[in-house]
Every structure is written in C-alpha cells, then in structure tokens.
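Structural description and commentary
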Protein chains: 2
Amino acid sequence: MKISILTVGDEILIGQIVDTNSAWMGQQLNLTGARVVTIITVGDTMEAIHTGLREALEQADVILMTGGLGPTKDDITKKALSEYMGVDMVFHELTFQRITKMFEVWGRPMNEAHRLQCYMPANAEILTNKMGTAPGMWMEYAGKVIVSMPGVPYEMQYLMENEVLPKLRQKFQGQPIAHRTILTVGEGESHIAEKLEDFEEGLPEGFKLAYLPHIAQVRLRITGSLADEATLHRILDEKAEIIRSRFADIIYGFGTDTLEGAIGVMLKERGLKLATAESCTGGYLAHRITSVAGASDYFVGSVIAYANEVKMQVLGVSAATLDTHGAVSEQTVIEMAEGAVKVLPADIAISISGIAGPGGGSDTKPVGLAWIAVSNGQKTRTFSIRAGKDRDKNIQYFTIHALNQIRQFLKQL
Amino acid sequence: MKISILTVGDEILIGQIVDTNSAWMGQQLNLTGARVVTIITVGDTMEAIHTGLREALEQADVILMTGGLGPTKDDITKKALSEYMGVDMVFHELTFQRITKMFEVWGRPMNEAHRLQCYMPANAEILTNKMGTAPGMWMEYAGKVIVSMPGVPYEMQYLMENEVLPKLRQKFQGQPIAHRTILTVGEGESHIAEKLEDFEEGLPEGFKLAYLPHIAQVRLRITGSLADEATLHRILDEKAEIIRSRFADIIYGFGTDTLEGAIGVMLKERGLKLATAESCTGGYLAHRITSVAGASDYFVGSVIAYANEVKMQVLGVSAATLDTHGAVSEQTVIEMAEGAVKVLPADIAISISGIAGPGGGSDTKPVGLAWIAVSNGQKTRTFSIRAGKDRDKNIQYFTIHALNQIRQFLKQL
C-alpha cells in the first residue's frame, strides 16, 4: 500500500512550526507495512491544496492529510476537498451534538464558527475525534482513499491509532511485516553495533536490524517480512532473545515500554515508595515519573531544591558541605538523597545536582556535569555524568541517567 | 520569488528523522522576502527524485534540494539530476583536491566512494562547502534554478547563509515580506477570532492574519508584503498595536517569547522569588519555569506533594481540610500555597491540585478538574479549570493555566 502524506499550513512553509506529524505518521505506517512514498506540504489556499491533492493522488493509493480543519477563516481544507472531489458540503448533525456536549462540559459558549465546523464533504465517513472538536474524515475518491485529520498532534495521533490505521489494515492486506523493538539505556549506538556485527550478518533474507538512538537511549528494531506469519513471529522472537541475552544489563523494556514505566513496575513489585530531590533537573525527573498513569501508587513527591537555602532548610544538607564541596558535588547529592528519605515518606530517594547551562560552569565544574545519588537510608550509591552544552538536552540527558540509576539500584535490592 | 523545497531521503519517509531542515530554510527564505510554496519529500530512488523535481519545478522559480549527496550507495541525487536535465556527469578536479586536503588534515584515508563524489552534472556551478566533503551545486535549467545541498543540517546552513541566499538575493529581487506574532493565553481561538472579524476585514491588500492555537494558547500572526519596506513595517506595527490594545489582558508576549520567560522577566523586575507546590502536575510546572536559562535568579524550588502525607508533613496542609474537602479542592490549594510561602524561601508560591487521569475521577470531581492558588502570604487568589480526559494533555493544560495565573497575580502587584 503506497501512501502520500499531505500537510496543509502556511506555518510550516514559513518555518514557524516543524512538521513532526509526518515523522510520527511515517513511523506508524512503516510498522504496519505501508510505504510512505512522498510527504507534501502546501499553503492555506484552494489552489495550493488542489495541486497537493493532484500530486499526492498520482503517486499513492491513500492520501493522509493533516491541518486546515480549525474553526477560523484560514482553515479551508474541507472546502478544498469538496471542490476537488466535486461533492457538496452537508451538515453533520451528530458531530454538532458531540461538539455541543463538549462545550457544555467545558462550561464555555459555542459560536457560529463551531457550527460551521460541522459541514463536511457529502462522501465523508466521519471519524470521531475524542480529543477535540474537528472530526476526521475518510473519503473514497477515484478508487483511492483520502483521509483528513486535524493538525494538532495529539488529535491526529488519536485518530490514526483508533480509526485510520485499523481501517487501512482492513482495506489493504500486504505480506505481513512485523517488528521487535528492544529498548536500551546508558550505552552508545556504535558500541552496541560493534557487538552485533555478527548478529546482523546472520539475519535471514527479509530481516533487518535498525538502530534508533535518542538521548542516552538506543532502540534496536528487528523488522521482518515473510509470507508465513507464524514463521515470521518465531524468527523475530528468537532474534530478540539473542539480543536480550547479550545486553541484559542495559535493556529496560520492549516495544512501547518506557523507562519511567519500567521503574514503576519494579517499585510496585517490591512494594517500595520513591521520592526525588532535584536541583538541575528542576522537576523534570518528577514529571517523567508522574507522566505514568497510576504513579501515585509508588511515587510520593519531591523537593525541588533549586536554591541552596532549600537544600539546607528542607533537605537538611549542611552548610559546611555546600561551602567545602559546592552544590554540584558527590557529598551534596549524598546529603540530598539521604535527607529526602528522612523528610519525605519514601523508601528510596534519588537526588541530582548539576550544571544545566548555558551559564554557571567553571574549569573544574563545567556545564554538563551532574552528580546523582540513590539512597534507601542504609545504602547510598553515587554516579557522575558529563553531558554537552545545550540546556534543554542536558536536562533530558541528566533525567534519563537518573531514571537509569533508580533502575540499577532497584535491580540490586 | 517562489521556492519549492525538495528533500531526498527514505529516513524522513519512515519517520526516523524529523525534517527540521525545511523549517530552518523556510524561516530564512521568508525573511528575505522569498515565498516557499511547497515542501516535498521523496525517497532515494531515481523515479521518486524525478517525480519530485517535476512537481517542484511546476510550482516554483527556484528548487532547493537537500539530501542524497553522501558517499554511500543510496545517495543518488546527482545522478538523478543529470538524467533529469539531460547533461553528463563530469569530474570536478578542484573539489577532488579540496576533499583530499580535508582527509590529510583529518589523518584518515580516502576511498573510491569519495573520488566518485567529485563527479557533478556538467552545468553545475560548485558552491564550496567548508563544513563537509559534499559541495553544493547551483544549476540553471529551463529558465529556473535548481540548488542541491547536503542534508546534514550544519552543512546545509553553511551553504545557505554563505552561498545560496546571497546568490538568490542577487538574481531575484522580491517584494519584502514581514510578520508580527502576538502571543495569547487562556482564551479560545474562535472567541478571539470573533472579536477580530472587523480587524481582518480591514486589513489592506497583501496583509493577512493567521491563528495558531496550541494548548490553552493562541498565536496571532499578521503577515504583510509590500514593495516599500518602511511602509510595510509601519503598517505591521500599527496593526499589531490594535491587537495589543484589544487583548492586553491575555497577551503575554511577542515573536519568540515564552510564557515562562515572560514570568521570569516580571519576577526579576519586581525583585520577587517564586516557589511551586504541585500535586497533579508532578513537577512539570517547575520544569517549565526552570527551562529558562537563569531561572535560579527568581525561582527557589518546589514541593511536589503527590502523596497526601507530603501535603501535610512538608506543606502543613491540615488533615481536617483533606478529610472534609479532599485533596482536589479550593481549601487544599489555599493551604498548599500559603504553606509553600512559609516553608520555602519565596515571596510568592503557586499551588495546584487536580485529577490528571485517566483514573481517580468521580461525579463531583471528574478527570480534568484542577484547583490553583497563588499566594504571597498576605493575599491568596484561587482559580479552577476543567480540561479533558488525556493525562499528558491535562498536565500541559494545567501547567499553562498555572503559569498564566502567576502572570495575572504579578500584574496586580
């Protein structure tokens, strides 16, 4: 099945927004065995959308459009579609009722623009969007399929996962493709690849291994395609098991697992409660932990000790330690973690103090340096890391390593 | 001058890489008055590149290509170009000498693939790439210009800034385009649009207004194009001022400002220190505040009180309040904010408690409900919000509203 992605929006052409939607869609489609043959972005005019549609339809069986469905005047995708396909726009009563209910729940008034949002091309099958007001639309035209979705990422993702991908799978059935994804943390891509050279060479016809690195993590994806689905899955399981046994220490999960989710499972299994004491990560570590639904079962809270007074007054770090060793030091993170276990109702606490940058570095303590400690009150482990110069990336890099240190500590309990 | 951007690379179609190059190019071109009319991404095959070239040439005067110039087998842009234009490939001696020198400096051996990199379409003018081995190429074809650049971002950026943009400016003298972007928070797109209907209708020829919504925020972008640059900027300033005066209360900044940055400026101006006391946002509010470089000047820290014990033991919320009103209540957030001002060395504290979901909701307190309080110890303001059912989105929505409440509180001091 060949797919064209067609993105509508001046904001992408002028570079105000980076088109992350297409990358997300490309990944998802690739997993299902569909092939994206082109991604086309056009502006918010009738002519541009018509040109985009013509080109997209020439190359593919399915056109996935995003953008231009909002209630404002520059959102004209639906009108462009109805003109292109030569069908009328009709009022969709069920969508109107659904939007009306959403506004009731929000306690906000609806206006005329929202009513106009309920007009759709007559041949459109409505795909219910539980994440926003604009529904998705599935249209069959000239023997091909055109799907229109909002450009808001979480709305598009909801529609893709719950409506579009299942319908595409039903309509087009190619030779089965399947994947196994193995998730690692704390080791570089090239070091892993070195240890998998023989593995890659030994993969049978139709199978391949990809390395997908992302901030202190590498996802290893084995993809296979075979006519016989049972054999396909058997080989993938065997290959995944080889990787699992070689890299047990750095693997935290598979498929769509997350590092924070894996830690949650470990804490629940052990009946332990976690707290964080953060300086340089400024709450991002707690945020990652609490992004998991149900985190309140094992996460009690944090002290974000950005100022030294908070390190002293709330966590009990001694003034002498801060004076002698500084806020970014092994001694300080030990006192932060041990203080957090005392002050907060937790069994285990992790602390982190570092220099996220761009300012605040020195020769002995450069931007990108961080110290981490994990403690359960009896035993305290420390760890130091060196990242780069970019503040945002450093905060993320520190946080991934901190999550990994919690995992390592829990494994040894 | 109309521009098509043509990106070559399977890695973008399968979503392994997000195409940030096109956004960067769009921004730069827009500033020079050129107009990007389409962005097309195609795969690493002759046929795909030829289709992309045909479509790109149909719509624009200039095609800016990136990708497919590396020394590996799947990089075939140059061959596709020479076939499409019907010209031979010729060996470019100067490029070969330049690459040879680079390898000498690096102390690494050159191989046959690097020598093959020196073959170029015969009509190509070479654009020297000081950042890597693959040069850029400027080709005139069928009255139009085709430029080919490497896909590596810093190499492409070097060539754009030092070669391509100056040459484009020389060849095409377009009419200047400029923008004003006004940033709002806390009011919906359609409600703002309703109040700007007359404004939109009154915009002169060549000017337009766009609404760019994103989680509780709407960016308003006025774009104009006029031959006379001084008049263009004068009109844009006047129009931006009209919007500013109509929506003073919901505007937090302009251009690339951020809400957390705007709060930082307000705190520094007033010489005040801020703290947060978070439950449902789990540290994300503190993270947003500390994502600003230099936040330590005005942010002291947080208590993330996920468990009720932390609300009581660290922030001093009374057991009676939690029993009578529950953790998600106006009374609880008041005690959390007032407690945080006492416990942490801050002048102002914001607290938030809500139900991020997906679990934990009830009829009277559904998923998506949150209470916020801001206090300076003397005065405490409260605010409640209703979001949807998606955990990630709720955490972001709560956080934006919390940042906005800090802004509102500071404005009234």
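As named in an unreviewed UniProt entry, chain A is CinA-like protein, taken from Haliscomenobacter hydrossis. Chain A has a UniProt comment under Sequence similarities (unreviewed entry) that states "Belongs to the CinA family."

With that settled, consider the environment of Gln28 of chain A. Examined against the element boundaries, Gln28 of chain A turns out to sit in helix 2 (residues 20-32). Sequence separation between Gln28 of chain A and Glu155 of chain A is 127 residues; the distance between their C-alpha atoms is 15 Å.

Another point: the environment of Leu344 of chain B. Mapped onto the secondary structure, Leu344 of chain B falls in the loop between helix 15 (330-343) and strand 15 (348-354). Of the residues examined, Leu344 of chain B reaches a relative accessible area of 2% and is grouped as buried. Not counting the four nearest positions on each side in its chain, Leu344 of chain B is found in contact with Val310 and Val314 of chain A together with Ala275, Thr276, Val300, Gly301, Ser302 and Val303 of chain B.

Residues and elements named next belong to chain A. We note that the domain assignment places domain 1 (2-171), domain 2 (177-254) and domain 3 (259-411) within chain A. Placing the centre of domain 1 and that of domain 2 at their C-alpha centroids yields a distance of 35 Å. Each partner contributes residues to the interface: domain 1 has four residues there, and domain 2 has four residues. When domain 1 packs against domain 2, the two sides together hide about 310 Å² of surface, and 52% of this comes from carbon and sulfur.

Let us now look at empty space enclosed by the protein. In this structure the tally under the stated criterion is three cavities of 30 Å³ or more. Asp19 and Thr41 of chain A together with Asp19, Ile39 and Thr41 of chain B are the residues nearest the centre of the largest cavity, which is lined by 16 residues in total.

Once that is clear, we can look at the pattern of salt bridges. Residues and elements named next belong to chain A. Summed over all chains, the structure comprises 22 salt bridges over all chains. Between Asp198 and Arg246 there is a salt bridge, with its nearest N and O atoms 3.0 Å apart. Residue Asp198 is located in helix 9 (residues 197-201), and its partner Arg246 is located in helix 10 (residues 229-246); the two are separated by 48 residues in the primary sequence. Residue Asp249 is joined to Lys411 by a salt bridge in which the shortest nitrogen-to-oxygen separation is 3.2 Å. Here Asp249 is found in the loop between helix 10 and strand 12 (251-254), whereas its partner Lys411 is found in helix 16 (residues 391-411), with 162 residues between them in sequence. Taking relative accessible area as the criterion, Asp249 reaches 44% and is therefore assigned partly exposed. Judged by relative accessible area, which is 37%, Lys411 ranks as partly exposed.

A few words now on the interface of chain B and chain A. By convention, interface size is frequently given as the accessible area that disappears when the constituent parts associate. At the interface, 80 residues of chain B touch 77 residues of chain A. Roughly 5,800 Å² is buried in total at the junction of chain B and chain A, and carbon and sulfur atoms are behind 55% of that figure. The largest per-residue losses of area from chain B upon contact with chain A belong to Leu13, Ile39 and Tyr306 of chain B, which jointly make up 9% of the total buried on that side. Linking chain B with chain A are three salt bridges. As a salt-bridge pair, Arg54 of chain A and Glu58 of chain B come within 3.8 Å of each other at their nearest N and O atoms. If you look at where chain B meets chain A, you find 34 residue pairs in polar contact (both at pLDDT 80 or more). Of the residues contributing to the side of chain B that touches chain A, the split by class is 36 nonpolar, 26 polar and 18 charged. Here strand 2 (residues 35-42) of chain A pairs with strand 2 (residues 35-42) of chain B via five bridges, running antiparallel. When the bridges of strand 2 of chain B are listed, Thr38 of chain A appears paired with Val42 of chain B.

A few words now on helix 4 (residues 77-85) of chain A. When helix 4 of chain A is considered as a whole, its buried residues turn out to be Thr77, Lys78, Ala80, Leu81, Ser82 and Met85 of chain A. Just downstream of helix 4 of chain A lies Gly86 of chain A, where phi reads positive at about 70°.

As a further point, take the packing of aromatic side chains. On inspection of all chains with the given rule, the structure shows nine aromatic pairs over all chains. Centre to centre, the rings of Tyr306 of chain A and Phe299 of chain B are 5.6 Å apart; their planes meet at 65°, and the pair counts as edge-to-face. Here Phe299 of chain B lies in strand 14 (residues 299-305) and Tyr306 of chain A lies in the loop between strand 14 (299-305) and helix 13 (308-313), a pairing that spans two chains. Owing to a relative accessible area of 1%, Phe299 of chain B belongs among the buried residues under this scheme. Centre to centre, the rings of Phe91 of chain B and Tyr119 of chain B are 5.1 Å apart; their planes meet at 65°, and the pair counts as edge-to-face. Linking Phe91 of chain B in strand 4 (residues 89-91) with Tyr119 of chain B in strand 5 (residues 119-121), this pair joins segments that are 28 residues apart in sequence.

Turning to the sheet that holds strand 9 (residues 177-185) of chain A, a few remarks are in order. All names here are of chain A. The strand order across the open sheet built from four strands is 10-11-9-12, with neighbouring strands paired in antiparallel fashion. Here the strands that pair on one side only, and so sit at the sheet edges, are strand 10 (207-214) and strand 12. Strand-to-strand twist of the sheet, defined as the mean angle between neighbouring strand axes without regard to direction, takes the value 20°. Bridge count between strand 10 and strand 11 (residues 217-225): eight bridges; the pairing is antiparallel. Following the sheet pairing, Lys208 is matched in strand 11 by Thr223.

With that out of the way, let us pick up the sheet that holds strand 11 (residues 217-225) of chain B. Residues and elements named next belong to chain B. If you walk across this open sheet you meet the four strands as 10-11-9-12, and the pairing is antiparallel. Here the strands that pair on one side only, and so sit at the sheet edges, are strand 10 (207-214) and strand 12 (251-254). Taking the axes of each pair of neighbouring strands and ignoring which way they run, one obtains an average angle of 20° across the sheet.

Another aspect to go through is a negative patch on the surface. All names here are of chain A. On the surface, Glu194, Glu197, Glu200 and Glu201 cluster together to form a negatively charged patch. Looking at the negative patch, the element that brings in the most residues is helix 9, giving three residues. With a relative accessible area of 57%, Glu194 lands in the exposed category.

We now examine the environment of Arg234 of chain A. Residues and elements named next belong to chain A. Mapping Arg234 onto the fold places it in helix 10. Judged by relative accessible area, which is 46%, Arg234 ranks as partly exposed. In this structure the side chain of Arg234 is engaged in a polar contact, spanning 2.9 Å, whose partner is the side chain of Glu238.

Phi is mostly negative for residues that are not glycine, and the peptide bonds are mostly trans. With an omega dihedral of 0°, the bond running from Gly357 of chain A to Pro358 of chain A counts as a cis peptide bond. Within the secondary structure layout, Pro358 of chain A lies in the loop between strand 15 (348-354) and strand 16 (369-375). The phi dihedral of Ala216 of chain A is positive, around 65°, even though this residue is not glycine. By the element assignment, Ala216 of chain A lies in the loop between strand 10 and strand 11. Overall, the relative accessible area of 19% leaves Ala216 of chain A in the buried class. Unusually for a residue other than glycine, Ala142 of chain B sits at a positive phi of about 50°. On the secondary structure map, Ala142 of chain B appears in the loop between strand 7 (136-141) and strand 8 (144-149).

Criteria and thresholds
- Residues numbered from 1 in each chain as written.
- Chains lettered and ligands numbered in written order.
- Predicted model: local features only at pLDDT ≥ 70, side-chain atom pairs only at ≥ 80, totals over all residues.
- Heavy atoms only, no water.
- UniProt positions renumbered as here; feature names shortened; annotations may be inferred.
- Helix = DSSP H or I, 4+ residues; strand = E, 2+ residues; numbered from the N terminus.
- Buried < 20%, exposed > 50% of the residue type's maximum accessible area, 1.4 Å probe, protein only.
- Contact = heavy atoms within 4.5 Å.
- Domains from an automatic or database assignment.
- Buried area = accessible area lost by both parts, 1.4 Å probe.
- 1 Å grid on protein atoms, 1.4 Å probe; cavity = no way out; pocket = protein on both sides within 12 Å on 5 of 7 lines; lining within 4 Å.
- Points joined across faces, edges and corners; volume = space filled by probe spheres on them.
- Salt bridge = Lys/Arg side-chain N within 4 Å of Asp/Glu carboxyl O.
- Polar contact = N/O pair within 3.5 Å; in protein donor to acceptor, adjacent residues only side chain to side chain.
- Nonpolar A, V, L, I, M, F, W, Y, C, P; charged D, E, K, R; others polar.
- Pairing = 2+ DSSP bridges.
- Phe/Tyr/Trp six-rings, centres within 6.5 Å; stacked < 30°, edge-to-face > 60°.
- Axes fitted to C-alpha atoms, helices over the stretch in contact; angles between N-to-C directions.
- Patch = residues over 30% accessible without salt bridge, like charges linked within 9 Å, V, L, I, M, F, W, Y side chains within 5 Å.
- Areas by Shrake-Rupley, 256 points an atom, 1.4 Å probe, with all protein chains shown as cover.
- Lys, Arg positive; Asp, Glu negative; His and termini not counted.
- Charge placed at Lys NZ, Arg CZ, Asp CG, Glu CD.

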